Each structure stands twice: as structure tokens, then as C-alpha cells.
Amino acid sequence: MNDTETLSPLLPNETEEAARRMLSKAAERGLKLATAESCTGGMLASLLTDVQGVAHTFDRGFVTYSFEAKNEMLGIPMDVIEPNDAVTREVAVAMAEGALERSRANVALAITGFADAGVEPGLVHFACARAGRKTAHREEHFGPGGRGATRIKCMAVAIEMMTEML
């Protein structure tokens, strides 16, 4: 039974099911989750609040699309953000760690990338932080498939990384 009611009928069922399983696992372990999103614009936070019965594991999301938002909301220095238009391993890691520090979450996932334009369309950096563990990083090259397609692919990677960090 799919008890997930997402805002996007375009999201693959397997991504919705993976989100449900991950949230259930987090709930069983008493863990809270946070997100820090740039190119996905809050889509991951939306997905994590779509699952009835376990959405309470989600603490908060930071949508930090601009350089200033990354700096002000997550505490990332501008000299880390500005090179490469904020699409680097360093920025993704700093976003995840900043979200962890500025929330009540145990696990925080960050996404920054070029959804449909920029130096390399489809280049996305992900990071997942958990207190007491090394922050995980992943770089994906989704290609120039467009903004929507890139964002949807980001959801699967994000859920997979969060599951691995639980």
C-alpha cells in the first residue's frame, strides 16, 4: 500500500516508496531529519512531509537558493560559496553541516547544482551529515535533461544517501 501522497505525480513510485521506508526507519530509531536545498527549491522537504504517519521525523528544511541565503541561513562564508557558483563539494558539505548545526535534526541532506543551466547542466553535489560521522558527499552528472528531470533524479539520490546515513 502506498501511503505517500506527493505533490508531484511525476515522481517515480520507487522514489516515493524509498522515502516512506527511510522515514519509517528514522522514526523507529527516533531520528530527526533536515534538508538544505538549492537547485531543488524545497522539493525534498516537500517529499519528506508527504508520508502520513512518519512525516514527524522531518524537523526543518532550508531553501537556500541565493548565495546570501547560504551565507545567512547556513553560516557558509561567501569566499567558499562564490567560486564555481556554489556548485562544489565544499559548498554541499558546508550546507549539510550548517543545516545539522542550525536544526534539531540528527541527519541533514544538502543539494546544490545546475538543474538546467550553468557551467555543466545536470551537475549536482549532494552531502549528508550526521553528528559523530564523516559527512558523505556524492557528485552526479545527470546531463542536460532539463530542470524537472534533474530535480526528480535528485530525489532518488537524496533518499538513498539519507537511508545510508541512518
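Reading guide: rules and limits
Residues numbered from 1 in each chain as written. Predicted model: local features only at pLDDT ≥ 70, side-chain atom pairs only at ≥ 80, totals over all residues. Heavy atoms only, no water. Helix = DSSP H or I, 4+ residues; strand = E, 2+ residues; numbered from the N terminus. Rg over C-alpha atoms; globule rule 2.2 N^0.38 Å. Buried < 20%, exposed > 50% of the residue type's maximum accessible area, 1.4 Å probe, protein only. Contact = heavy atoms within 4.5 Å. Areas by Shrake-Rupley, 256 points an atom, 1.4 Å probe, with all protein chains shown as cover. Lys, Arg positive; Asp, Glu negative; His and termini not counted. Charge placed at Lys NZ, Arg CZ, Asp CG, Glu CD. Arc of directions from axis to C-beta. Axes fitted to C-alpha atoms, helices over the stretch in contact; angles between N-to-C directions. Parallel < 35°, antiparallel > 145°, perpendicular 65-115°, else oblique. Left-handed = near helix turned anticlockwise from the far one by under 90°. Nonpolar A, V, L, I, M, F, W, Y, C, P; charged D, E, K, R; others polar. Pairing = 2+ DSSP bridges. Core = buried A, V, L, I, M, F, W, Y, C linked by side-chain atoms within 4.5 Å. Phe/Tyr/Trp six-rings, centres within 6.5 Å; stacked < 30°, edge-to-face > 60°.

## Considerations on the overall build of the chain
And then number 1: Helix and strand content of the chain: six helices and five strands.
And then number 2: Helices and strands in the chain line up, N terminus first, as α-β-α-β-α-α-α-β-β-β-α.
And then number 3: In summary, the chain has a C-alpha radius of gyration of 15 Å against a globular reference of 15 Å for 166 residues, a match within 12%.
And then number 4: On the principal axes, the C-alpha backbone points of the chain span a range of 45 × 35 × 20 Å.
And then number 5: Of all 166 residues assigned to the chain, the portion counted as buried reaches 50%.
And then number 6: A separation threshold of at least 6 residues defines the contact pool for the chain, and within that pool the share at least 24 residues apart is 61%.
And then number 7: For the chain, the exposed area adds up to about 7,600 Å²; of that, 50% sits on carbon and sulfur atoms.
And then number 8: Measuring between centres, the 17 positive side-chain charges of the chain sit 6 Å from its 23 negative side-chain charges.

## Description of helix α3 (residues 67-74)
And then number 1: Along α3, the positions that sit buried rather than exposed are A69, K70 and L74. Buried residues of α3, viewed axially, fall in a sector of 100 degrees; they line one side.
And then number 2: Residues of α3 that are buried in the fold lie against β1 (33-37), β2 (58-63), α4 (78-81), α5 (89-101) and β3 (107-113).

## Notes on unusual backbone geometry
And then number 1: We note that N84 has phi near 65 degrees; this positive angle belongs to a residue other than glycine.
And then number 2: In this fold, N84 is placed in the loop between α4 and α5.
And then number 3: Despite not being glycine, D85 shows a phi value in the positive range, around 55 degrees.
And then number 4: Mapped onto the secondary structure, D85 falls in the loop between α4 and α5.

## Side note on the packing of helix α1 (residues 13-28) against helix α6 (residues 147-165)
When two helices pack together, their arrangement is given by the angle between their axes and by how far apart the axes lie.
And then number 1: At their nearest, the axes of α1 and α6 sit 10 Å apart, and the two run at 25 degrees to each other. When the interaxial angle is binned, α1 and α6 end up roughly parallel. As for the relative orientation of α1 and α6, their crossing is left-handed in sense. Of the residues in α6, those in contact with T15, A18, A19, M22 and K25 of α1 are M155, A156, I159, M162 and T163.
And then number 2: When the residues that make up the contact of α1 with α6 are grouped by side-chain class, the tally is seven nonpolar, two polar and one charged.

## Side note on the pairing of β3
And then number 1: Within β3, seven of the seven residues are buried, which leaves it mostly tucked inside the rest of the structure.
And then number 2: Residues V107, L109, I111 and G113 line one face of β3 and the alternating positions A108, A110 and T112 line the opposite face, and both faces are buried.
And then number 3: For β1 and β3, the ladder comprises five bridges, and the chain directions are parallel. Directly across from E37, in β3, lies its bridge partner I111.

## Some words on the nonpolar core
And then number 1: Ranked by internal contacts, the top residues of the largest apolar core, which has 34 residues, are L44 and I111.
And then number 2: Where this core is concerned, the elements lending two or more residues are α1, α2 (43-48), β3, β4 (123-130) and α6.
And then number 3: Per element, the largest residue contribution to this core is nine residues, and it comes from α6.
And then number 4: Formed by 19 residues, the second largest nonpolar core is a distinct cluster that contains A34, L74, A86 and V93.

## As for the packing of aromatic side chains
And then number 1: Under the criterion given, the structure shown has one aromatic pair.
And then number 2: With a centroid separation of 6.5 Å and 85 degrees between ring planes, the pair formed by F126 and F142 is classed as edge-to-face. Taken together, the positions of F126 in strand β4 and F142 in the loop between β5 (136-141) and α6 put the pair 16 residues apart, joining distant regions of the chain.
And then number 3: Overall, the relative accessible area of 0% leaves F126 in the buried class.
And then number 4: What makes F142 buried here is its relative accessible area of 17%.

These values are about where atoms sit, not about what they do.
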